[in-house]
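# Coordinate inspection notes
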Amino acid sequence: MSRQPVKNVVLVHGGFVDGSGWQGVHRLLTDDGFRVSVVQNPTRSLEGDVEATGQILDEQDGPTILVGHSYGGVVITEAGNHDGVAALVYIAAFAPDKGESVSTLIADPEPGAPVPPILPPVNGVLFLDREKFHAFFAADLSPAEAEFMSDAQVPWGLDALGGTVTEPAWQHKPSWYLVATDDRMIPPAAQRAMAQRAGSTVTGTDGSHAVYVSQPGAVADLIKQAAAGVAE
């Protein structure tokens, strides 16, 4: 008897942005018959974002592929322990181990690695320098697209930056990882190291940190691979 692929997908955005960047990926997946939901994380605390993701997972009607970009990778690492999650997909994302956070993962960068232009916190939240947003976050998008994303930034809370993972779902669930080879927010070498540690199936594509926006086909293809890989 042939196996049927998992058809539920939940997409989780990272810090500084909202879920609208998933539009291209959403369109490609829904056109292919997937049922896709996008989590709108508050991005004020990891605990709150895991709760928000869990609420969307509770609404799914079967096994689900949980996808995270950037800080969204931290969220899915914790939220992925939900019984309905069949697999994790990391898109240029952090994939922390137990007790790790974004803060700990970025604390000791490799020599020569680009330093993301995160401005000093104000009232407990962070923003990226608007003048440097295009070059660091979205270099492969048009200036107009990058300008809009920069102007539409979502405040990223210090409690999200420092939120630690208690039980990494990748330790007991299969994962896939897309490395953005031109990323200036999370160095590609760091992405590969985290993916290797998690035992992820790894692929790479030319793209900035905004690869989920600029390369929706590559992202959608990897999600489809994950769905087929955990087919019932």
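Use the structure listed above.
Scope of this entry: the structure provided in the associated data block. (Residues numbered from 1 in each chain as written. Predicted model: local features only at pLDDT ≥ 70, side-chain atom pairs only at ≥ 80, totals over all residues. Heavy atoms only, no water.)

## Things to note about the overall build of the chain
Going by this rule: Secondary structure follows DSSP: runs of H or I at least 4 residues long count as helices, runs of E at least 2 residues long count as strands, and numbering of each begins at the N terminus. The globule rule used here is 2.2 Å times the number of residues to the 0.38 power, and the radius of gyration it is set against is calculated over C-alpha atoms. Only heavy atoms enter the contact rule, under which two residues are in contact if any of them lie within 4.5 Å. Only the protein chains shown count as cover for residues, and all accessible areas are computed by the Shrake-Rupley method using a 1.4 Å probe. His is not counted here, nor are the chain ends, while Lys and Arg score as positive and Asp and Glu score as negative. To locate a charge, take NZ of a lysine, CZ of an arginine, CG of an aspartate or CD of a glutamate.
A count of helical and extended segments in the chain gives 10 helices and 8 strands. By the compact-globule yardstick of 17 Å for 232 residues, the chain fits well, its C-alpha radius of gyration being 16 Å. Here the C-alpha coordinates of the chain stretch approximately 55 × 35 × 30 Å along the principal axes. Here the contacts in the chain between residues at least 6 apart in sequence split such that 71% fall between residues at least 24 apart. Of the roughly 10200 Å² of accessible surface on the chain, 51% is carried by carbon and sulfur atoms. Across the chain, the mean location of the 13 positive side-chain charges is 4 Å away from that of the 28 negative side-chain charges.

## Side note on the sheet that holds strand S4 (residues 85-91)
Strand pairs in the sheet, formed through backbone hydrogen bonds, run parallel or antiparallel to each other. To keep things clear, this is the line we draw: Only strands joined by at least two bridges in the DSSP assignment are considered to pair. Only C-alpha atoms enter the line fits that serve as axes; for helices the fit covers just the stretch in contact. Angles between N-to-C directions range over 0 to 180 degrees.
The strand order S2-S1-S3-S4-S7-S8 describes an open sheet built from 6 strands, whose pairing is parallel. At either margin of the open sheet sits one strand with a lone partner, and together these are strand S2 (35-39) and strand S8 (201-205). In this sheet, neighbouring strand axes are inclined to one another by 20 degrees on average, regardless of whether the strands run parallel or antiparallel. For strand S3 (residues 64-69) and S4, the ladder comprises 6 bridges, and the chain directions are parallel. Counterpart to Gly 68 in the pairing with S4 is Tyr 90. Relative to S2, helix H2 (residues 46-58) is tilted by about 160 degrees, and along the sheet it contacts strand S1 (8-12), S2, S3 and S4. Against the sheet, helix H10 (residues 216-229) touches S1, S3, S4, strand S7 (175-180) and S8, its axis set at about 165 degrees to S7.

## Remarks on the packing of aromatic side chains
To be explicit about the condition: A pair of aromatic rings is counted whenever rings of Phe, Tyr or Trp (Trp by its six-membered ring) have centres within 6.5 Å, and the orientation is called stacked for planes under 30 degrees apart, edge-to-face for over 60 and tilted otherwise. Each residue's exposure class comes from its accessible area (1.4 Å probe, protein chains only) as a fraction of the maximum for that residue type: buried when under 20%, exposed when over 50%, partly exposed otherwise. Lysine and arginine charges are scored as sitting over a ring when NZ or CZ, respectively, is within 6 Å of the ring centre and within 35 degrees of the ring normal.
Applying the stated rule across the entire model yields 5 aromatic pairs. Residues Phe 16 and Trp 156 carry aromatic rings whose centres are separated by 4.9 Å and whose planes lie at 75 degrees to one another, so their mutual orientation is edge-to-face. One end of the pair, Phe 16, is in the loop between S1 and helix H1 (23-31); the other, Trp 156, is in strand S6 (residues 156-157), and 140 residues separate them in sequence. In this structure, Phe 16 and Trp 156 share a single accessibility class: buried. Taking the centre distance of 4.8 Å and the plane angle of 20 degrees together, the rings of Phe 133 and Phe 137 count as stacked. Of this pair, Phe 133 and Phe 137 both sit in helix H5 (residues 130-137), 4 residues apart, roughly one helical turn. You'll find Phe 133 and Phe 137 in the same group, each marked buried. Taken together through their ring pairs, the aromatic side chains of Phe 16, Tyr 71 and Trp 156 make up a single cluster. Positioned above the aromatic ring of Phe 34 is the side chain of Lys 7, whose terminal nitrogen or guanidinium carbon lies 4.0 Å from the ring centre.

## A look at the nonpolar core
How we decide: What we call a nonpolar core is a set of buried Ala, Val, Leu, Ile, Met, Phe, Trp, Tyr and Cys residues that are connected through their side-chain atoms within 4.5 Å.
Among the nonpolar cores identified, the biggest contains 73 residues, and Ile 65, Ile 91 and Ile 223 are the most heavily contacted of them. In terms of residue count, S4 provides more of this core than any other element does, 7 residues in total. Contact partners of Ile 91, with chain neighbours within four places excluded, come to Trp 22, Val 67, Gly 68, His 69, Ser 70, Leu 178, Val 211, Tyr 212, Val 219 and Leu 222.

## Observations regarding the pattern of salt bridges
Test applied: Throughout this description, the term salt bridge denotes a Lys or Arg side-chain nitrogen within 4 Å of a carboxyl oxygen of Asp or Glu.
Inspection of the entire model under this criterion finds 4 salt bridges. Asp 32 is paired through a salt bridge with Lys 224; the nearest N and O atoms lie 3.6 Å apart. Pair noted here: Asp 32 is in the loop between H1 and S2 and Lys 224 is in helix H10, with a separation of 192 residues, a long-range link. Residue classification places Lys 224 among the partly exposed positions, given a relative accessible area of 26%. Across the pair Arg 197 and Glu 100 runs a salt bridge, and its minimum N-O distance is 2.8 Å. Of this pair, Arg 197 sits in helix H8 (residues 188-198) while Glu 100 sits in the loop between S4 and helix H4 (102-105), and the two are 97 residues apart along the sequence.

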